[in-house]
Amino acid sequence: MRSDIPPNHPRFISLQTRAHLVDGFQRGLVASEGLIAHGRGEAFDYLMGEQTSKFSFSAIEAACSCLLIAKRPVVSVNGNFAALCSTEIVKLSNLIPARIEINLFHRSSERERLINQELENKGAKNCLGSFSNESAIVPGLTSSRKFVHSNGIYMADVIMLAMEDGDRTQALVDMGKKVIALDINPMSRTAKTADITIVDNVIRVMPIMINTITALKREKGIDYLKNTINQFGNRRNLANSLKAIVNGLEKQSNSE
Ligand code: PTJ
C-alpha cells in the first residue's frame, strides 16, 4: 500500500480509497475496468459532498431490515467491492447471517479464486461462486453475471449487490427477488431497478450497515422491521438523492 499520502492531506480519505483500489488491481482482485468505474463513483461522491445524506440513512435502515427478515439472503461480491470492503462484507454476512457469492461481470476463474482467498483471509467460510461447481443460470441475462450458484443467488430471496450499472438487477427482479443496491449514482439502471438503493459510497455505507444491523437486532422486533420496509419508497429515495445533488450544486454556484 502507498505510504506517500500524508494523513493531513485535505483529500486523504479519497486518495487512500484510490490506493486501496489500485492495490486490489495489482493483487488481481479488481478488473482494469473497475478503476474507471471507481472514477465515476468518485465524481458522484464529490457532487454529494462526500457525506451520507439523511436519505441514505433511511435506505440503509430499510435495507438492513430487509436483510434481517430474509429467509435466504445473499451478498454478491465483485472485484471493486472485495477490494474496498472485504472485512465489512464478512462482518455483515456473519451478523445477518447471509451467504457470500462472488459474481463477476468480467469473469475470470483466477480473479474469483483471488477474491475468495481475500474474503477467507478476512474470516469468510464457504463463499459461493462458479468455482463451487453448482452453476445455475439467471434467465434473460446475456453477460457472464448470469452464472450463479444454485444454492446462492439462484435460490436467494434477498440479494445485496454493489457497484454495478447494468443488466443484472432487472433479471433478478424478474425472478421475483428483492434487490438491495449500493450505488452512488442515483441515475444508474441498477439504482432505478433495485427495490432499495443506497445512494452513497460503499466505504461509508458498510460500517453504518454493520452498526444498524447490530442495533436493530438488539432493540427492534419483526413489526418494526416490516414497518420500516413498508414505509420506504425507492422512487422517492432516488428523487430525493438527485435533488440533494442539485441543491448542493446550486449552493456551490451561489457561493462563487
Ligand atoms: O469485478 P467485475 O468484473 O464484476 O467488474 C466490476 C465493475 C465495477 C467493473 C462492473 O460492475 C462495472 O463495469 O460497473 P459500472 O457499470 O461501471 O457501474 C459501477 C457503478 O458503481 C456506477 O454507477 C458507479 O457510479 C458506482 N460506484 C463506483 N464506485 C462506487 C460506486 N458506488 C458506491 N460506492 C463507490 N465507491
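Conventions adopted
Residues numbered from 1 in each chain as written. Predicted model: local features only at pLDDT ≥ 70, side-chain atom pairs only at ≥ 80, totals over all residues. Heavy atoms only, no water. Near = heavy atom within 4 Å. Polar contact = N/O pair within 3.5 Å; in protein donor to acceptor, adjacent residues only side chain to side chain. Areas by Shrake-Rupley, 256 points an atom, 1.4 Å probe, with all protein chains shown as cover. 1 Å grid on protein atoms, 1.4 Å probe; cavity = no way out; pocket = protein on both sides within 12 Å on 5 of 7 lines; lining within 4 Å. Sits in = over half its atoms within 2 Å of the grid points. Helix = DSSP H or I, 4+ residues; strand = E, 2+ residues; numbered from the N terminus. Buried < 20%, exposed > 50% of the residue type's maximum accessible area, 1.4 Å probe, protein only. Pairing = 2+ DSSP bridges. Right-handed = clockwise from strand over helix to strand, strands pointing away. Phe/Tyr/Trp six-rings, centres within 6.5 Å; stacked < 30°, edge-to-face > 60°. Lys NZ or Arg CZ within 6 Å of the ring centre and 35° of its normal. Points joined across faces, edges and corners; volume = space filled by probe spheres on them. Axes fitted to C-alpha atoms, helices over the stretch in contact; angles between N-to-C directions. Parallel < 35°, antiparallel > 145°, perpendicular 65-115°, else oblique. Contact = heavy atoms within 4.5 Å. Nonpolar A, V, L, I, M, F, W, Y, C, P; charged D, E, K, R; others polar. Core = buried A, V, L, I, M, F, W, Y, C linked by side-chain atoms within 4.5 Å. Lys, Arg positive; Asp, Glu negative; His and termini not counted. Salt bridge = Lys/Arg side-chain N within 4 Å of Asp/Glu carboxyl O.

## Some remarks on the site of the ligand
Step number 1: Around the ligand, 22 residues are found, and the nearest of them are Gly79, Phe105, His106, Arg111 and Asn201.
Step number 2: Phenylalanine 105 is positioned with one of its backbone polar atoms (N or O) 2.7 Å from an oxygen atom of the ligand.
Step number 3: Interatomic distance of 2.9 Å between a side-chain N/O atom of asparagine 201 and a nitrogen atom of the ligand.
Step number 4: Across the complex, the protein chains shield 94% of the 740 Å² of accessible surface that the ligand would expose by itself.
Step number 5: Using a 2 Å cut-off from the grid points, one finds that the ligand occupies the largest pocket.
Step number 6: Only α2 (32-47) and α4 (79-95) provide two or more residues apiece to the shell around the ligand.

## With respect to the pairing of strand β6 (residues 178-182)
Step number 1: With four of five residues buried, β6 is to be regarded as a mostly interior element.
Step number 2: With five bridges connecting them, strand β5 (residues 158-162) and β6 associate as parallel partners. By the bridge assignment for β6, isoleucine 159 is matched with valine 179.
Step number 3: Where the polypeptide runs from β5 across helix α6 (residues 168-174) and back to β6, its parallel neighbour, the crossover connection is right-handed.
Step number 4: Across three bridges, β6 lies against strand β7 (residues 196-198) in parallel orientation. Considered in β7, the bridge of alanine 181 is made with threonine 197.

## Some points on the packing of aromatic side chains
Step number 1: For the structure on display, the rule yields zero aromatic pairs.
Step number 2: One Lys or Arg, lysine 220, reaches over the ring of tyrosine 224 and ends 4.5 Å from the middle of that ring.

## With respect to the layout of surface pockets
Step number 1: If you add up the space inside the largest pocket, you get close to 900 Å³.
Step number 2: If you trace the largest pocket, you find 44 residues lining it, with Ala37, His38, Gly41, Asn80 and Met163 closest to the centre.
Step number 3: Those elements that provide at least two residues to the lining of the largest pocket are α1 (12-26), α2, α4 and α8 (202-219).
Step number 4: Element by element, the count of residues in the lining of the largest pocket is highest for α2, at 11 residues.

## Looking at the packing of α4 against α8
Step number 1: Between α4 and α8, the shortest axis-to-axis distance is 9 Å and the interhelical angle comes to 5°. The angle between the axes of α4 and α8 places the two elements in the roughly parallel class. From α4, Phe81, Leu84, Cys85, Glu88, Ile89, Lys91, Leu92 and Leu95 reach across to α8, where they touch Val202, Ile203, Met206, Pro207, Met209, Ile210, Ile213, Thr214 and Lys217.
Step number 2: Among the residues making up the contact of α4 with α8, the classes are represented as 13 nonpolar, one polar and three charged.

## Re the nonpolar core
Step number 1: Core analysis: the largest hydrophobic core is formed by 48 residues, its most contacted members being Phe81, Leu92, Leu119, Met160, Ile180, Leu182 and Met209.
Step number 2: By size, the runner-up hydrophobic cluster in this structure holds 14 residues, among which are Ala136, Val138, Leu141 and Val148.

## Quick notes on the side chain of lysine 177
Step number 1: Note that lysine 177 resides in the loop between α6 and β6.
Step number 2: No salt bridge forms around the buried lysine 177; measuring N to O, its nearest opposite-charge neighbour aspartate 157 is 7.7 Å away.
Step number 3: Here isoleucine 153 takes part through its backbone oxygen, which lies 3.3 Å from a polar atom of the side chain of lysine 177.
Step number 4: Those residues in contact with lysine 177, other than ones at most four positions away along the chain, are Ile153, Tyr154, Met155, Ala156, Asp157, Ile159, Leu172 and Asp195.

## Some points on the sheet that holds β6
Step number 1: Taken in spatial order, the five strands make up an open sheet running β2-β1-β5-β6-β7, and their pairing is parallel. The sheet is open, and its two edges are formed by β2 (99-102) and β7, each paired on a single side. Neighbouring strand axes in the sheet, compared pairwise and without regard to direction, differ in orientation by 20° on average.
Step number 2: Set on the sheet, α4 makes contact with β1 (73-77), β2, β5 and β6; between it and β1 the angle comes to about 165°.

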